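Chain by chain, the residues:
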Amino acid sequence: MFEFERCLPEEAGVSSNAIKGLLQYLDKKDIPMHSLLIMRNDKLIFEKYYAPCTKDTLHRMFSISKSFTALAISLLADEGRIDLDESITTYFPEYTSENTHMWIKDTTIRNMLMMRTCHASTTYKVDMKSDWVESFFTVSPTHKPGTVFHYDTSAAHVLCALVEKETKMPMLDYLKEKVLNHLDFSKDSYMVKDPFGVSIGGSGLVAKPMDILKVLYLLDKKGTVTCSDGIKRTLLNPEFIELATSNLSPSIMTGPIPSESMGYGMQIWQNEKGGFVLYGMGGQLAISIPDYDMLIMTTADTQGIAGGNQFIYDGIYNLLLPAIKNTTVDTTSDSNSTSTNCHQDGVAAENGSGRTSPYSELIKYADSLRISRPRIPGKSNENPPICSSSVIQSKLINQTNSKSIRLCYKLTENPQKFKELSLELNETGKSSLSLIASDTMTIVFSLYDMAEGNIKKYDAYYTAGATWLKDNDLYIRVHLIGECVGSIRFELFFGDKDITVFMRKVEETYFNEFNGHLYGILK
């Protein structure tokens, strides 16, 4: 099997207290982390999943998919099936004609890998109901290719389509056959397809965090590793890896945060510490920091959080890296104590002084973390009784169970075509919000913890919690997990006999019915 050797952080020169400090920092910044994996000196020193995520949870990796597309393109080039300096139109004559713009005809595969195409933005978003691949060749270009950097996801999508056209198989299957199976990459991983059956090479990869860490490790080793069968192989061209992970295109003009302004290689970003990043929207980050011999993998949902990804980078750079030493760090809380031992389950034993080791404290704290209820900055996260709204209080007076209440509202006409809203608030168990149209969409949540559910229309797994913003103002946040990473947010303002609902979805593709406002009268 392809597995990483494990050791205590201190045995790799990393302080457990520093890792704990990073976790505390991200928690204080209210970053919805889903996982954090850390390697140093080729050993896995920390692995954390935020419940309900586990090591087996498949997770949308978004633009990390682009890096996989680049690797597939490099394999095709090595096989002599494509030429990186050939025009992309050579491979898609069905989408071109004598009227095709000269700048599109001049766009090479290399230009596309470097994000130096002739388009300033993703072409298929102009009309997502039309052929996504074709859009690259028909949408009017904005500038000469091979010049300036613009983040064009349609370039990666067309390159993925090229792989599938040349190999006559899904791109991820091709990569598994050539590379990933040697790393024991998850067999149940997959790529979401566009409406026309092409794998979404720019954002469609769904895999496990450990899968991505393995690929990051392969790149760090310039493509040569000891495979799952014990045989050492060169799986990727080291010259391509060197090129792809170098700074080829300045990104400062469009980088939204400092860590995305350091330059770009071939579908792989540069970072502030002289390394590279496989980057995915929302905090999917596979970070190589060669000066510290460190690899880090995160999954999260920073969508809708201004500078959210930068918080992750800053925590790593400012809290973790300064605590790294090139010699083994003392594993006890004071230098005169006896060194800790590592149990088979990876948890450090108490040291000879009888005190708990820093690593044990780290694991204890890490185990307490999970995707949590919404928090209001500067306020306690403890909820008051169900509500002090007069309408709810009057309902409570007339029923025997003071811990739960059910309210129904007839909704006025709305674009979402919802007819009725039903709300069940339970102070100690699961609560629920149901929106009724031709069918019923129900969100379960908790006022004191988190509740898990599935939005059946999209087969979207989630965990949800709520908090009171004011006595009569309830905020519900639904964390989407799996293929649909993002959030759906509801603000419910209770009047004496009415309700106003503000809905906002922070997710790339679906759930449009959860955008906008609703107004209802109490039945």
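Please read these numbers as outputs of a predicted model, since none were measured by experiment. (Residues numbered from 1 in each chain as written. Predicted model: local features only at pLDDT ≥ 70, side-chain atom pairs only at ≥ 80, totals over all residues. Heavy atoms only, no water.)

An account of the packing of helix α2 (residues 64-78) against helix α7 (residues 171-178) is requested, with residue identities and associated values reported.
For the pair α2 and α7, the least separation of the axes is 10 Å and the interaxial angle reads 65 degrees. Remark: the crossing between α2 and α7 carries left-handed chirality. Along its contact with α2, which presents F68, T69, L71, A72, L75 and L76, the element α7 presents M171, Y174, L175 and K178. The residue inventory of the contact of α2 with α7, partitioned by class, reads 8 nonpolar, 1 polar and 1 charged. (Axes fitted to C-alpha atoms, helices over the stretch in contact; angles between N-to-C directions. Helix = DSSP H or I, 4+ residues; strand = E, 2+ residues; numbered from the N terminus. Left-handed = near helix turned anticlockwise from the far one by under 90°. Contact = heavy atoms within 4.5 Å. Nonpolar A, V, L, I, M, F, W, Y, C, P; charged D, E, K, R; others polar.)

Just give me the short version of the sheet that holds strand β3 (residues 43-49), but keep the residues and values in it.
Ordered in space as β1-β3-β2-β12-β11-β10-β9, the 7 strands form an open sheet in which the pairing is mixed. With one partner strand each, in any of the chains shown, β1 (5-6) and β9 (269-270) form the two edges of the open sheet. Relative to strand β12 (residues 294-300), strand β11 (residues 284-289) is paired through 5 bridges, and the arrangement is antiparallel. Looking at the pairing, L285 lines up with T298 of β12. Against the sheet, helix α8 (residues 209-220) makes contact with β2 (33-40), β3, β10 (276-280), β11 and β12, and its axis sits at roughly 150 degrees relative to β12, the strand it touches most. (Pairing = 2+ DSSP bridges.)

Kindly report on the sheet that holds strand β4 (residues 59-62), identifying the contributing residues and their values.
If you trace the 3 strands from one edge of the open sheet to the other, you get β4-β6-β5, paired in antiparallel fashion. Only two strands of the sheet have a single neighbouring strand rather than two, namely β4 and β5 (190-191). In this sheet, strand β6 (residues 205-207) lies alongside β5 in antiparallel orientation, the contact comprising 2 bridges. Note on β6: the bridge partner recorded for M191 is L205.

I'd like a description of the pairing of strand β17 (residues 451-455), backed by residues and values.
Going residue by residue along β17, you find A451, G453 and I455 tucked away on one face and E452 and N454 left uncovered on the opposite face. Here 5 bridges tie β17 to strand β18 (residues 460-470), and the two strands are oriented antiparallel to one another. Looking at the pairing, I455 lines up with A460 of β18. (Buried < 20%, exposed > 50% of the residue type's maximum accessible area, 1.4 Å probe, protein only.)

Could you give an account of the pairing of β10, naming the residues involved and the relevant values?
Within β10, 5 of the 5 residues are buried, leaving the element largely enclosed by the surrounding structure. Side chains of β10 alternate between two faces, with F276, L278 and G280 and V277 and Y279 buried alike. With 2 bridges joining them, β9 and β10 adopt antiparallel strand pairing. Counted as the bridge partner of W269 is V277 from β10. Where β9 hands over to β10, the hairpin turn is made up of 5 residues, of which G274 adopts a positive phi near 80 degrees. Relative to β11, β10 runs antiparallel, the two being bridged by 5 bridges. Along β11, the bridge assignment pairs Y279 with L285. Once β10 ends, the chain turns through 3 residues before running back antiparallel as β11, passing G282 with a positive phi of about 85 degrees.

Tell me about the environment of W103, residues and numbers included.
When you line up the elements, W103 lands in helix α3 (residues 102-105). Here the alpha-carbon distance between W103 and A286, two residues 183 residues apart in the chain, equals 33 Å.

I'd like a description of α2, backed by residues and values.
With 15 residues, α2 should reach 21 Å at 1.5 Å per residue; the first-to-last C-alpha distance of 22 Å fits that figure. The buried count for α2 comes to 13 of 15 residues, which makes it a mostly enclosed element. Where α2 ends, the next residue or the one after it, G80, has phi of about 75 degrees, a positive value. (Expected span 1.5 Å × (residues − 1).)

Can you lay out the packing of helix α1 (residues 16-28) against helix α10 (residues 308-320) for me, pointing to particular residues and giving the numbers?
Their axes nearest at 9 Å, the elements α1 and α10 cross at an angle of 150 degrees. Between α1 and α10, the angle is such that the two are roughly antiparallel. Note that α1 runs across α10; the crossing there is right-handed. Only F311, I312, D314, G315, I316, L319 and L320 of α10 make contact with α1, whose side of the interface consists of A18, I19, G21, L22, Y25 and L26. Of the residues contributing to the contact of α1 with α10, the split by class is 10 nonpolar, 2 polar and 1 charged. (Parallel < 35°, antiparallel > 145°, perpendicular 65-115°, else oblique.)

Got a sec to walk through the packing of aromatic side chains? Specific residues and values, please.
Under the defined criterion, the tally for this structure stands at 21 aromatic pairs. Across the ring face of Y50, the terminal group of K48 is positioned such that the distance to the ring centre comes to 5.0 Å. A cation sits over an aromatic face here: K273 above Y317, 5.5 Å from the ring centre. (Phe/Tyr/Trp six-rings, centres within 6.5 Å; stacked < 30°, edge-to-face > 60°. Lys NZ or Arg CZ within 6 Å of the ring centre and 35° of its normal.)

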